[in-house]
Amino acid sequence: MKKTWTELHIVVPAAGIDLVSSELADLGCEGITVEERQLDTFIPPDPNEAMSGDYRIKAYFPVGGNLSDLQYEVRQRLEYLVPMVPGLQALTPEAFPVTNEDWAEGWKQHFSTVRIGSRLVIKPSWEDLEATPEDAVVEIDPGMAFGTGTHGTTRLCLEALSDLFEGPSLPQRVLDVGTGSGILAIAAAKLGASRVLACDIEEESCRIAQANCDLNGVGARVEITGAPLESLEGDFHIVVANILAEENARLADQLVSRLAPGGALVLSGILQEKEPLVQAAFAPYPLSGPEISRREEWSCLVYRKV
Ligand SMILES: C[S@@+](CC[C@H](N)C(=O)[O-])C[C@H]1O[C@@H](n2cnc3c(N)ncnc32)[C@H](O)[C@@H]1O
């Protein structure tokens, strides 16, 4: 059902976001977004890190009453807060009409089907695809867990996986460390792995990864676990870890010991300037490589166990 809203824009210093949001809620606002905060970056925001600068609050009010009255009331509340929030300006907020279709669906334009290598296809559920029988199609929608294929590190890992499944003998066992949405685990299963073990330290990621595996029909071949890497058993033809450089380095021993002879180790989540840190951590092990690929500011290192 289409619903119409009024979107008010209010620029607020970081220290005033909570106070202003609370006043807006009191006035009947039913949804708030805060722009300029990087909430979808690789590294989650540190809740202890002090925010600074100005932020644009977009507040959504159901259409009904008089818009000028609402803008006036918001301005009054801002005036009330001015003595408490240094830098806050009590201006009349700009207003824009918006339908819930725009609001809820607008983000979809940022996600579209991508082909990676000769067979791998990553597509959101709302896009139609004429797939060939050879295509390994992963259907994934943006959700709460990291990994839709749009992030440089995910893309680098998908490209590495695609290459590793190009050879004459398909890798059978794959370990995905830090599975997030499950995208890499699902891709490995779709490309031909018979067993994929995927772990994540976040319970919510495990839940979402499991749902995505079921949606993609690979639930029987992919095992999702919240157990730590140290407790996982088995050896694998591919180990992929899209986790931070420091975490890759910390887990070097564990990651290498899960590799079958000749197995490939795919490491990403590594900022280009942190390549030396990761290379130093893996230098003591019997590995060839790494082959390095880069995208945006990120690197992916692929080693082989000798
Ligand atoms: C950048 S996301 C990668 C998600 C997905 N694999 C992708 O490539 O898009 C990293 C994920 O690793 C998880 N993670 C971080 N450190 C981990 C560890 N030591 N063991 C397991 N999971 C870890 C995080 O919870 C997060 O879901």
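You'll find the structure just up there.
Now for a look at the structure at hand. Every chain begins its residue count from 1, and numbering advances along the sequence as written. Where totals are concerned, whole chains, interfaces and linings use all residues; where local detail is concerned, this predicted model gives features only for residues with pLDDT of at least 70, and gives and counts side-chain atom pairs only at 80 or more. Calculation of side-chain values draws on the structure's entire complement of heavy atoms; hydrogens and water are dropped beforehand.

### Observations regarding a nonpolar patch on the surface
Here comes step 1: Without a salt bridge and with relative accessible area above 30%, a residue can belong to a patch; like charges are then joined within 9 Å and nonpolar side chains (Val, Leu, Ile, Met, Phe, Trp, Tyr) within 5 Å. Exposure was quantified through the Shrake-Rupley algorithm and a 1.4 Å probe, taking into account, for residues, occlusion by the shown protein chains and nothing else. The working definition used for a salt bridge is a side-chain nitrogen of Lys or Arg within 4 Å of a carboxyl oxygen of Asp or Glu. Taken together, the side chains of Leu19, Tyr80 and Met84 present a nonpolar region at the surface, about 300 Å² in accessible area.
Here comes step 2: Helix and strand definitions here come from DSSP, where helices need a minimum of 4 consecutive H or I residues and strands a minimum of 2 consecutive E residues; each element is numbered from the N-terminal end. Position of Tyr80 relative to the elements: it lies in helix α2 (residues 67–81).
Here comes step 3: Residue burial is assigned from relative accessible area. The probe radius is 1.4 Å, only protein chains are included, and a residue is buried under 20% of its type maximum, exposed over 50%, and partly exposed in between. Exposure remark for Tyr80: the relative accessible area of 52% places this residue in the exposed category.

### Quick word on the nonpolar core
Here comes step 1: By convention a nonpolar core is built from buried Ala, Val, Leu, Ile, Met, Phe, Trp, Tyr and Cys residues, the set being connected through side-chain atoms within 4.5 Å. Core analysis: the biggest nonpolar cluster contains 38 residues, and Leu120, Ile122, Leu158, Phe165, Val196, Val222 and Val266 have the highest contact counts within it.
Here comes step 2: Examining the composition of this core, we find that 8 residues originate from one element, helix α5 (residues 183–191), more than from any other.
Here comes step 3: What makes two residues a contact is simply this: any of their non-hydrogen atoms within 4.5 Å. Sequence-distant contacts of Val266, defined by excluding residues within four places in its chain, comprise Cys157, Ala160, Leu164, Ile238, Val239, Val240, Ala241, Cys300, Leu301 and Val302.
Here comes step 4: Counting residues in hydrophobic clusters, the runner-up holds 24 residues, among them Phe236, Ala241, Val256 and Leu287.

### Some details on the sheet that holds strand β10 (residues 222–225)
Here comes step 1: Think of it this way: DSSP has to see at least two bridges between two strands before they count as a pair. If you trace the 7 strands from one edge of the open sheet to the other, you get β10-β9-β8-β11-β12-β14-β13, paired in mixed fashion. If you trace the sheet from one side to the other, it starts and ends with β10 and β13 (287–295), each paired once. Between one strand and the next, the sheet's axes are offset by a mean angle of 15 degrees, whatever the strand orientation.
Here comes step 2: Examined bridge by bridge, strand β12 (residues 259–271) and strand β14 (residues 298–305) share 6 bridges and lie antiparallel to one another. What sits directly across from Leu271, in β14, is Trp298.
Here comes step 3: Across the sheet, helix α9 (residues 275–282) is in contact with β12, β13 and β14; its angle to β14 comes to roughly 15 degrees. In this analysis, axes come from line fits to C-alpha atoms, helices being fitted only over the stretch in contact, and the angle between any two N-to-C directions falls in the range 0 to 180 degrees.

### Topic: the environment of Glu159
Here comes step 1: Here Glu159 shows up in helix α4 (residues 152–164).
Here comes step 2: Expressed as a C-alpha distance, the spacing of Glu159 and Ile116, which sit 43 residues apart in the sequence, is 6.2 Å.
Here comes step 3: Discounting residues that sit within four places of it in the chain, Glu159 has contacts with Ile116 and Arg295.
Here comes step 4: Polar contacts, as used here, are pairs of N or O atoms within 3.5 Å; protein pairs need one atom able to donate a hydrogen and one able to accept it. Residues neighboring in sequence count only if both atoms are side-chain atoms. Within the local environment of Glu159, its side chain forms a polar contact with the side chain of Arg295, the two groups lying 3.1 Å apart.

### Here we look at the pattern of salt bridges
Side chains carrying opposite charge are able to pair once their charged atoms draw close together.
Here comes step 1: The final tally for this structure, using the stated rule, is 13 salt bridges.
Here comes step 2: With its nearest N and O atoms 3.1 Å apart, the salt bridge here joins Asp235 to Arg173. Taken together, the positions of Asp235 in the loop between β10 and β11 (236–242) and Arg173 in strand β8 (residues 173–177) put the pair 62 residues apart, joining distant regions of the chain.
Here comes step 3: We classify Asp235 as partly exposed; its relative accessible area is 32%.
Here comes step 4: In this structure, the salt-bridge partner of Arg250 is Glu247, at a minimum N-O distance of 2.9 Å. Here Arg250 pairs with Glu247, and both are found in helix α7 (residues 245–250), just 3 residues apart, close to one helical turn.
Here comes step 5: With a relative accessible area of 58%, Arg250 lands in the exposed category.
Here comes step 6: For Glu247, a relative accessible area of 28% corresponds to the partly exposed category.
Here comes step 7: The network of salt bridges with common partners includes Glu23, Asp26 and Arg77.

### Describing the environment of Leu170
Here comes step 1: Note that Leu170 resides in the loop between α4 and β8.
Here comes step 2: With residues up to four places along the chain from it excluded, the contact list for Leu170 reads Arg119, Phe165, Leu191 and Gly192.

### Overview of the side chain of Thr225
Here comes step 1: Summarising the element assignment, Thr225 is placed in strand β10.
Here comes step 2: Polar side-chain contacts of Thr225 include one of 2.9 Å to the backbone nitrogen of Ala227.
Here comes step 3: With sequence-adjacent residues up to four places away left out, Thr225 is seen in contact with Leu197, Ala198, Cys199, Asp200, Cys206 and Leu232.

### Quick word on the packing of helix α1 (residues 17–26) against α2
Here comes step 1: Contact geometry of α1 with α2 gives a least axis separation of 10 Å together with a crossing angle of 145 degrees. The two elements α1 and α2 meet at a crossing, and its hand is right-handed. Here Leu19, Val20, Glu23, Leu24 and Asp26 of α1 lie close against α2, whose contacting residues are Val74, Arg77, Leu78, Tyr80 and Leu81.
Here comes step 2: Residue polarity is assigned by list, with Asp, Glu, Lys and Arg as charged and Ala, Val, Leu, Ile, Met, Phe, Trp, Tyr, Cys and Pro as nonpolar; anything else, Gly included, falls into the polar class. Here the contact of α1 with α2 is composed, by residue class, of 7 nonpolar, no polar and 3 charged. It is the rotation of the near helix from the far one that decides the hand of a crossing: anticlockwise by less than a right angle makes it left-handed, clockwise makes it right-handed.

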